[in-house]
Amino acid sequence: MTVTAIDRDGRRWALIAIDGELRARLVHGSATPAHLELSELINTFGPLVLSPTRRADTVGYAAFIDTVDLVASDPATASVESIDQVARFARSIVLPGRHAR
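So, a few notes on the structure that sits alongside this text.

1. Re helix H1 (residues 38-45)
Okay, step 1: Within H1, burial applies to Leu38, Leu41 and Phe45. End-on, the buried residues of H1 take up no more than an arc of 65°, which puts them together on one face.
Okay, step 2: Contact partners of the buried residues in H1: strand S2 (12-18), strand S3 (21-28) and strand S4 (35-37).

Have a look at this one:
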């Protein structure tokens, strides 16, 4: 998956990992150079706004988003499994080094 970033002047950059290093390639607009390390891009043309490449509902997250919404807005009607699923996800964010149980 490629992440797209937009710089302060509206140029669009593709952010790509190459050999463990983040690089940027210009995909819309003009700039010299058109290929940079991510840190160079930020220093030269930043700040950047990152844009998702796909909407969440097109990659299968719509059902999970609905579950989170249900648990957050009306927990009395949510199933134990739904609450557990949301809790595991929340733990994975708060404690990223530990495995959710």
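After that view of the structure, there is still more to cover.
2. Some details on the pairing of S2
Okay, step 1: Here strand S1 (residues 3-6) pairs with S2 via four bridges, running antiparallel. Within S2, the residue paired with Val3 across the bridge is Leu15.
Okay, step 2: What sits between the antiparallel neighbours S1 and S2 is a turn of five residues, in which Gly10 has the positive phi angle 90°.
Okay, step 3: Pairing between S2 and S3: seven bridges, direction antiparallel. Across the sheet, residue Ala14 finds its bridge partner in S3, namely Arg25.
Okay, step 4: Here S2 hands over to S3 after two residues, with Asp19 in that stretch at a positive phi of 50°.

3. As for the pattern of salt bridges
Okay, step 1: One pass over the full model with this rule turns up three salt bridges.
Okay, step 2: Here Arg11 makes a salt bridge to Asp7, at a shortest N to O gap of 2.7 Å.
Okay, step 3: You can call Arg11 buried: its relative accessible area is 13%.
Okay, step 4: Overall, Asp7 belongs to the buried group, its relative accessible area being 4%.
Okay, step 5: Between Asp9 and Arg11 there is a salt bridge, and its shortest N-O distance comes to 3.0 Å.
Okay, step 6: What makes Asp9 exposed here is its relative accessible area of 54%.
Okay, step 7: By sharing partners, the salt bridges in this structure join Asp7, Asp9 and Arg11 into a single network.

4. Some details on the pairing of S1
Okay, step 1: Alignment of S1 against strand S5 (residues 49-51), held across three bridges, turns out to be antiparallel. Bridged to Thr4 within S5 is Ser51.

5. Some details on the side chain of Arg11
Okay, step 1: Topologically, Arg11 is positioned in the loop between S1 and S2.
Okay, step 2: At 2.7 Å, the side chain of Arg11 forms a polar contact with the side chain of Asp7.
Okay, step 3: Looking at Arg11, its side chain comes within polar contact range of the side chain of Asp9, at 3.0 Å.
Okay, step 4: Apart from residues lying up to four places away in sequence, Arg11 is in contact with Ala5, Ile6, Leu26, His28, Gly29, Ser30, Ala31 and Phe45.

Rules used throughout
- Residues numbered from 1 in each chain as written.
- Predicted model: local features only at pLDDT ≥ 70, side-chain atom pairs only at ≥ 80, totals over all residues.
- Heavy atoms only, no water.
- Buried < 20%, exposed > 50% of the residue type's maximum accessible area, 1.4 Å probe, protein only.
- Helix = DSSP H or I, 4+ residues; strand = E, 2+ residues; numbered from the N terminus.
- Arc of directions from axis to C-beta.
- Contact = heavy atoms within 4.5 Å.
- Pairing = 2+ DSSP bridges.
- Salt bridge = Lys/Arg side-chain N within 4 Å of Asp/Glu carboxyl O.
- Polar contact = N/O pair within 3.5 Å; in protein donor to acceptor, adjacent residues only side chain to side chain.

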